[in-house]
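# Architecture at a glance
This is what each chain is made of:
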Amino acid sequence: MAQQNFEIVETKYDLNDFEAIRKDLQNFEFFRQNPNTHKTCTKHKEKNEFRVMANDNKRFFLMFDKEDNALEFLNSMEPYDYGMLETDFQEEIEKITAENIAEKSTEILARFNDKFKLKVDYDPTEVDIATINERVRKTVWDKENRFLLNFYMMEVSKRKFNFPNWSFEVINTFNPFSIPQYVGRNEKSQSYYSLLNPKSRKHFDFKMYLDL
């Protein structure tokens, strides 16, 4: 697009207040959708006001006052980075792809060691594992640390069990990104996020979680 002809509007929805969301949306009706670009356009019921939303972006939409501009954006395959985070995924920041995951893996290991005060590689010994348990239980699992821990565990699993492949789940925001998962038994894509609830941090058990 040659110039910005829209307004960026933050939704600021309280997902627990369905009634407030309903009132905000009731003045708009479905207008167009493009499954190839993963975007939807709605139109105000009484005036020329168009909202374009990406499938997996719940934080903001683009507001247009001209139908042609809204449809041009709706149908554009070009990614748009507005300098705003569209999701809660750390992977949106990391920008991991099939092409750079080997390089990223080396970088992530260094960050994992730094954040958790460790000196391990992706083939941890029994002594390493005991130290990992101790340090992981003592370190706060913020968004970045939880990402680093999950990635480290995936890499260890891939190498321990000779799983050669990664898969990449695409998150369709205005600037799409991928979430890597390792392809494990029965060709099933998986990660360890479901086990890494911050509330269970003090009960973390590396060997049990990885089934070593």
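These numbers were taken from a predicted model, which means no experiment stands behind them.

So, about the overall build of the chain. On a plain count of helices and strands, the chain comes out with 7 helices and 8 strands. For 212 residues, the compact-globule formula gives about 17 Å, and the C-alpha radius of gyration of the chain, at 21 Å, lies well above that figure. Across its three principal directions, the C-alpha atoms of the chain cover 70 × 35 × 30 Å. Out of the 212 residues belonging to the chain, those deemed buried represent 45%. Sequence-distant contacts in the chain: of pairs separated by 6 or more residues, those separated by 24 or more amount to 57%. Here the chain has roughly 12500 Å² of accessible surface; of this, 47% comes from carbon and sulfur atoms. When the 32 basic and 37 acidic side-chain charges of the chain are each reduced to a single mean position, those positions are 5 Å apart.

Once that is clear, we can look at the side chain of R201. Structurally, R201 is set in the loop between strand 8 (189-190) and helix 7 (206-210). The side chain of R201 is buried and forms no salt bridge, while D142, the nearest opposite charge, is found at 9.9 Å. Those residues in contact with R201 that lie beyond four places of it in its chain are V136, R137, K138, T139, V140 and W141.

Another aspect to go through is helix 2 (residues 67-75). Those residues of helix 2 that sit buried are N69, A70, L71, F73 and L74. Packed against the buried residues of helix 2 are strand 2 (28-34), strand 3 (39-44), strand 4 (50-54) and strand 5 (60-64).

Right, let's talk about the side chain of E91 for a bit. Its location among the elements puts E91 in helix 3 (residues 91-94). Looking at E91, its side chain comes within polar contact range of the side chain of Y193, at 2.7 Å. Setting aside its immediate chain neighbours within four residues, E91 contacts F147, F177, S178, I179, P180 and Y193.

Looking now at the packing of helix 4 (residues 101-116) against helix 6 (residues 143-160). One can describe the packing of helix 4 onto helix 6 by two numbers: an axis separation of 9 Å at closest approach and a directional angle of 120 degrees. Considering the angle they form, helix 4 stands oblique to helix 6. Between helix 4 and helix 6 the crossing geometry is left-handed. On helix 6, the residues touching I101, S105, I108, L109, R111, F112, K115 and F116 of helix 4 are E144, N145, F147, L148, L149, F151, Y152, E155 and R159. Taken together, the residues of the contact of helix 4 with helix 6 break down into 10 nonpolar, 2 polar and 5 charged.

Tallied over the full model, the rule gives 11 salt bridges. Residue E107 pairs with K104 through a salt bridge whose shortest N-O separation is 4.0 Å. Placement of both E107 and K104 in helix 4 is noted, with a separation of 3 residues, approximately one turn of the helix. Taking the shortest distance from any N to any O, the salt bridge between E134 and K138 comes out at 3.4 Å. Of the two residues, E134 and K138 both sit in helix 5 (residues 126-138), 4 residues apart, roughly one turn of that helix.

Calculation rules
Residues numbered from 1 in each chain as written. Predicted model: local features only at pLDDT ≥ 70, side-chain atom pairs only at ≥ 80, totals over all residues. Heavy atoms only, no water. Helix = DSSP H or I, 4+ residues; strand = E, 2+ residues; numbered from the N terminus. Rg over C-alpha atoms; globule rule 2.2 N^0.38 Å. Buried < 20%, exposed > 50% of the residue type's maximum accessible area, 1.4 Å probe, protein only. Contact = heavy atoms within 4.5 Å. Areas by Shrake-Rupley, 256 points an atom, 1.4 Å probe, with all protein chains shown as cover. Lys, Arg positive; Asp, Glu negative; His and termini not counted. Charge placed at Lys NZ, Arg CZ, Asp CG, Glu CD. Salt bridge = Lys/Arg side-chain N within 4 Å of Asp/Glu carboxyl O. Polar contact = N/O pair within 3.5 Å; in protein donor to acceptor, adjacent residues only side chain to side chain. Axes fitted to C-alpha atoms, helices over the stretch in contact; angles between N-to-C directions. Parallel < 35°, antiparallel > 145°, perpendicular 65-115°, else oblique. Left-handed = near helix turned anticlockwise from the far one by under 90°. Nonpolar A, V, L, I, M, F, W, Y, C, P; charged D, E, K, R; others polar.

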